[in-house]
Amino acid sequence: MTIDLHHRVTLKHDTNQALGIGRFAVDFMSGKIGKPDQAVFERVALFHTDSVLCGLSALALRTSAPTVLRDEALGYPHAEGAAVFGSRQRVHPEKAVVANCSAVREWDSNGTNFGYNPDLGHTAGEFGHNDFYPVVIAAAQMRGLDGPAALRGMILLDEIRGRLAEVFSLKSYKIDHVVHGAIASAATFGAMMGASPEQIESAIGMVVAHYIPFRAIRAGKQLSDSKGASAAISAEVAVLSMRRSMRGFVGPRDIFRNKEAIFRLNEPTEGDRSPFDIVLAHSGEKFAVMGMHFKLGLYEHQSAGALQGLINLLRQSPALLNEPTGRHIRSIVIKAYQPAFGIIGDPAKRDPHTRQSADHSMVYIVATMLRKALELAAAKGSTHLAEGSDGYWKSLMLAPQDYSEEAIYNSDTRRLMERIAFEHGGPEYDAKYPDGIPTSIVITDDQGRKHDSGLVMYPAGHARSTTADLRSILDHKFRLLGSLAVENTDALIERLDLADRSADEIRSLYDFQIARREPIDAQPESAPVEMA
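Report follows, based on the coordinates. (Residues numbered from 1 in each chain as written. Predicted model: local features only at pLDDT ≥ 70, side-chain atom pairs only at ≥ 80, totals over all residues. Heavy atoms only, no water.)

### Topic: the packing of aromatic side chains
Here is step 1: Applying the stated criterion across every chain yields a total of 15 aromatic pairs.
Here is step 2: Taking the centre distance of 5.9 Å and the plane angle of 85° together, the rings of Phe 114 and Tyr 433 count as edge-to-face. One end of the pair, Phe 114, is in the loop between β6 (112-113) and β7 (128-129); the other, Tyr 433, is in the loop between α18 (427-430) and β12 (439-445), with 319 residues separating them in the sequence.
Here is step 3: The exposure class of Tyr 433 is buried, given its relative accessible area of 11%.
Here is step 4: Considering the side-chain rings of Tyr 364 and Tyr 403, the 5.7 Å spacing of their centres and the 50° angle between planes classify their relative orientation as tilted. (Phe/Tyr/Trp six-rings, centres within 6.5 Å; stacked < 30°, edge-to-face > 60°. Helix = DSSP H or I, 4+ residues; strand = E, 2+ residues; numbered from the N terminus. Buried < 20%, exposed > 50% of the residue type's maximum accessible area, 1.4 Å probe, protein only.)

Written out as structure tokens, the structure is:
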């Protein structure tokens, strides 16, 4: 392990990187190394609040996987365990983690990384999401740690997860992106629980050797609960592996250099080395979390460029909204990069019938925001919908209700979808990803005039966006989702600010009542409807 005492640790490809991650995690959590800037703590705190509000609103609207897994967790009481959202009861930590991570991820609306670090030449471009913070809270509740320690754990988890995403593209080998989060979860949970570096190495080995999810969960005409629960299930096995390792079970050692594990199996190397170096920040501002992106509503992250382009065009050409059914819009052409075109441009997604498929459909997402704009213009009696781009994001923000069964089959949305063509932009677009989200949108009106957004690279919410008032837009999102989950949104948002929370407050962090709303999804006859 090579240490830059000022900023970072480099785990070289010819060393035992799993053990190196274990040592780094233990040293970082103990304070032996690591002085992140205040901006890093503030950024991860925003991502945490965002993630919890996503999760609570998903439970309030009784979505399937979060409800099932929460009910399951409450059946595994453990006096010294962790809590699920909306409960004071302690349960086994892996059960609390699978339930809470599933809720966080259900809307597909929390933070995203793109695995892009050109300063180091680490541009593998694996995306991933801030789904794993419940792992940290579970450990903090069990060990009696306070809010600042929890935030430090979240920084650590995102650092490991984010840096792995920069050096190894799981999606290239049809492996689900959550593997990086599972490795980071095992390391962070172990370090917070007092595990040794060797025990953490053992747990990472178990995660990689025994529990590799493939992207089969994201393939098919209509996506299932497995898509949203993938991170949760991987976090569950990470915590389980770590607890098992701490009890004495020994997993595979040196897993990154293991020729039969996913890394060298997919990217063979000569000699005794892994395919990559891993560079982990411990001090300053250049942590992985600082390059992660916020979603400003509910949408697949690769549609953000198209949504920003649409907002730009509606501001530039408000006459497009003059007629409520969109009669003045003849056609829409969206161009983007791979993998956006391959994932949310899949022909099967042109006709979504489930929420999970609708939120992975470019044509549905864009058509829905456009329909909302047309409806708002009609209601206001004006095509000027708001002040500035930030105001349009707030006014048109995609919410859970925009993916309900009623919304998915909305006739106006379906008519707009028929006018949308989604095309691969080719090498010009591909070369600009994952630096940005290169997308363009051209609307042709009923007079044949073309309204061109030009290339959108850094939409609002993107880490390299310099024009959006991010905190203002996030505040709107927090209140939108929070109002679905609880009666007093302001109190909830304040409660989730971990900076000044004591250990006792962390233990009771989730001890509040979650509202019980009408289910957003069609309910199978056998589905449970009561929340414990």
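### Things to note about the layout of surface pockets
Here is step 1: Of the pockets and cavities examined, the largest pocket occupies roughly 710 Å³.
Here is step 2: Taken together, 32 residues make up the lining of the largest pocket; nearest its centre are Asn 117, Arg 163, Lys 286, Phe 287 and Gly 291.
Here is step 3: Breaking the lining of the largest pocket down by element, the ones donating at least two residues are α6 (147-167), β8 (278-281) and β9 (283-284).
Here is step 4: The element contributing the most residues to the lining of the largest pocket is α6, with four residues.
Here is step 5: Of the residues that constitute the lining of the largest pocket, the class distribution is 13 nonpolar, nine polar and 10 charged. (1 Å grid on protein atoms, 1.4 Å probe; cavity = no way out; pocket = protein on both sides within 12 Å on 5 of 7 lines; lining within 4 Å. Points joined across faces, edges and corners; volume = space filled by probe spheres on them. Nonpolar A, V, L, I, M, F, W, Y, C, P; charged D, E, K, R; others polar.)

### So, the sheet that holds strand β13 (residues 450-452)
Here is step 1: Spatial strand order, β11-β10-β12-β13: four strands in an open sheet with mixed pairing. Two strands lie at the open edges of the sheet, namely β11 (420-424) and β13, each paired on one side alone. Each adjacent strand pair in this sheet contributes to an overall mean axis angle of 20°, direction not counted.
Here is step 2: Note that strand β10 (residues 329-336) and β11 share five bridges and pair parallel. Bridge pairing in β11 links Ile 334 to Phe 422. (Pairing = 2+ DSSP bridges. Axes fitted to C-alpha atoms, helices over the stretch in contact; angles between N-to-C directions.)

### Digging into the pattern of salt bridges
Pairs can form between side chains of opposite charge whenever their charged atoms are close.
Here is step 1: Taken as a whole, this structure holds 31 salt bridges when the rule is applied.
Here is step 2: Close ionic contact of Arg 257 with Asp 254 constitutes a salt bridge, the shortest N to O distance being 2.8 Å.
Here is step 3: For Arg 257, a relative accessible area of 14% gives the class buried.
Here is step 4: Among the residues examined, Asp 254 registers a relative accessible area of 16% and is labelled buried.
Here is step 5: One network of salt bridges, with partners in common, ties together Arg 105, Asp 108, Asp 131, Lys 227, Lys 295 and Asp 359. (Salt bridge = Lys/Arg side-chain N within 4 Å of Asp/Glu carboxyl O.)

### With respect to empty space enclosed by the protein
Think of a ball as big as a water molecule: rolled over the atoms, this probe shows where empty space is left.
Here is step 1: Taken as a whole and assessed by the stated rule, the structure comprises four cavities of 30 Å³ or more.
Here is step 2: In this model, the largest cavity occupies a volume close to 80 Å³.
Here is step 3: Lining the largest cavity are 13 residues; nearest its centre among them are His 293, Phe 294, His 301, Ala 304 and Ile 437.
Here is step 4: Residues of the lining of the largest cavity, tallied by class, amount to seven nonpolar, five polar and one charged.

### Describing helix α9 (residues 225-246)
Here is step 1: A rise of 1.5 Å per residue sets the reference length of α9, with its 22 residues, at 32 Å; its end C-alpha atoms lie 31 Å apart and thus fit the reference within 8%.
Here is step 2: In α9, a bend of some 40° at Ala 231 exceeds every other bend along the element.
Here is step 3: Within α9, 16 of the 22 residues are buried, which leaves the element mostly enclosed by the surrounding structure.
Here is step 4: Positive backbone phi, approximately 120°, marks Gly 248, located one or two places after α9. (Expected span 1.5 Å × (residues − 1). Bend = angle between axes of the 7 residues up to and from the residue.)

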